[in-house]
Amino acid sequence: STQSVTVTVTGAAGQIGYATVFRAAAGALLGSGTPVRLRLLEIPEAARAAEGVAMELQDAAMPLLESVDVFDDPTAAFDGSEVGLLIGARPRSKGMERADLLAANAGIFSVQGQAINNGAAENFRAVVVGNPANTNALIAASHAPDVPAERFTALTRLDHHRAQAQLALACEVTVNDVDGVAIWGNHSASQFVDLSRATVKGNPAEEVLAERGLDRKWIDEFFIPKVANRGAEIIEVRGGSSVASAAHATLRHIRTWLRGTEEGRWTSMAVPSTGVHGVPQGVVSSFPVFCQDGDHRIVEPWEIDDFARERIERSLAELVEERQAVEQLGLL
Ligand code: NDP
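Residues numbered from 1 in each chain as written. Predicted model: local features only at pLDDT ≥ 70, side-chain atom pairs only at ≥ 80, totals over all residues.

(A) Broad picture of unusual backbone geometry. In this chain, Asn 131 is followed by Pro 132 through a cis amide linkage whose omega measures -5°. Tracing the backbone shows Pro 132 in the loop between β5 (125-128) and α5 (133-142). Positive phi is not limited to glycine here, since Ala 61 has a value of about 45°. Within the secondary structure layout, Ala 61 lies in the loop between α2 (47-59) and β3 (65-71). Positioned with a positive phi, Glu 172 is a non-glycine residue whose angle comes to about 55°. One can find Glu 172 in the loop between α6 (157-171) and β7 (178-179). Residue class for Glu 172 comes out exposed when judged on the 9 C-beta atoms lying within 10 Å of it. (Helix = DSSP H or I, 4+ residues; strand = E, 2+ residues; numbered from the N terminus. Buried ≥ 20, exposed ≤ 12 C-beta atoms within 10 Å, placed from the backbone.)

(B) Structural detail: the nonpolar core. In terms of nonpolar packing, the biggest core is built from 96 residues, with Val 21, Leu 38, Leu 40, Val 128, Val 129, Ala 137 and Ala 140 touching the most fellow members. The biggest single contributor to this core is helix α10 (residues 244-259), with 7 residues. A domain-level breakdown of this core finds at least three residues from each of domain 1 (5-154) and domain 2 (157-321). With near-sequence residues (within four places) excluded, Ala 137 lies in contact with Val 128, Phe 152, Thr 153, Ala 154, Ala 270 and Val 284. (Core = buried A, V, L, I, M, F, W, Y, C linked by C-beta atoms within 7 Å. Domains from an automatic or database assignment. Contact = placed C-beta atoms within 7 Å.)

(C) How the structure looks around the domain arrangement of the chain. Domain assignment breaks the chain into domain 1 (5-154) and domain 2 (157-321). Using C-alpha coordinates to define each centre, domain 1 is positioned 24 Å away from domain 2. Listed by partner, the interface residues are 23 residues for domain 1 and 22 residues for domain 2. Of all the elements in the fold, those that place two or more residues in the side of domain 1 that touches domain 2 are α1 (15-28), β4 (83-86), β5, α5 and β6 (152-154). Among the elements that line the side of domain 1 that touches domain 2, the one with the most residues is α1, at 7 residues.

Laid out in structure tokens, this is it:
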């Protein structure tokens, strides 16, 4: 269709924002059939840098890019918005306590939630990338009472991609041969990377790994930490945080949500819990989900062994703790 989509990108002058807007304008968001109207939001100190990003977007003369506007006011930035890529967040500075970080971000995401409630389009959907992403999504949703809470999600697609890639590497196949990995819990080092339903060329991944001498101990002690700590490894090796891969995952998250998962295949997304899988209702946790026409549906509970249950519980405890901390600050 030639119907355009209006996209608000927060933190648009930041690293991930910069990488994301160019690819969104080139068709990576909803395909080359959907023109894009970009609304870039930045804090006042970075609004001029965002103007520079907008200038570069103009200079790329991208056929799909219908318009690009820069804002430092959330209410204006979300007016008429259909898709929110909530990338900007307050980074942890030296000596900053976790509570201070939560409070600073709660301030940002509560204001954005209100702005979305006031003026976003009826079909608005958001993915939160800025950390702590799950809790930031919860805060935004709670300040947008007129928007269904399930429209606020957080990014764990990069973790999902990392799990797919590491599994393919271990089995010496390509990612096309790998399916069914799942990320549970928080987008943090506590996340649980689940291979129990994963397949390699249609065979159970755990069996394929076992044939290669890679047992449960290897999964527990090597594979899961490898995926969960990949961000830190990138920082060490590249000398900077993951940017292009995070931008890519952000775009794929939205595309899958709006265009759907393939028949019988799930992806991972942090969404408000419906109370399934033992995850308290409302907590924004990563799950395996099916997507269709802009809806996400958590995959039916499967039997989870004690090992997985313990890992998931650990990550959930962290999420519940974050929620309590924000509640105590009066920001929920
Ligand atoms: P980045 O663009 O590198 O990162 C943006 C956010 O994404 C951070 O919170 C980061 O978390 C998070 N993130 C989530 N997953 C990943 C991942 N896998 N790899 C790396 N990062 C991940 O940060 P910059 O500092 O370059 O840019 C942030 C921009 O946001 C700045 O321009 C700032 O001005 C802006 N900002 C905008 C706001 C607004 O629009 N209202 C509010 C606050 C900031 P982590 O810090 O944990 O790495």
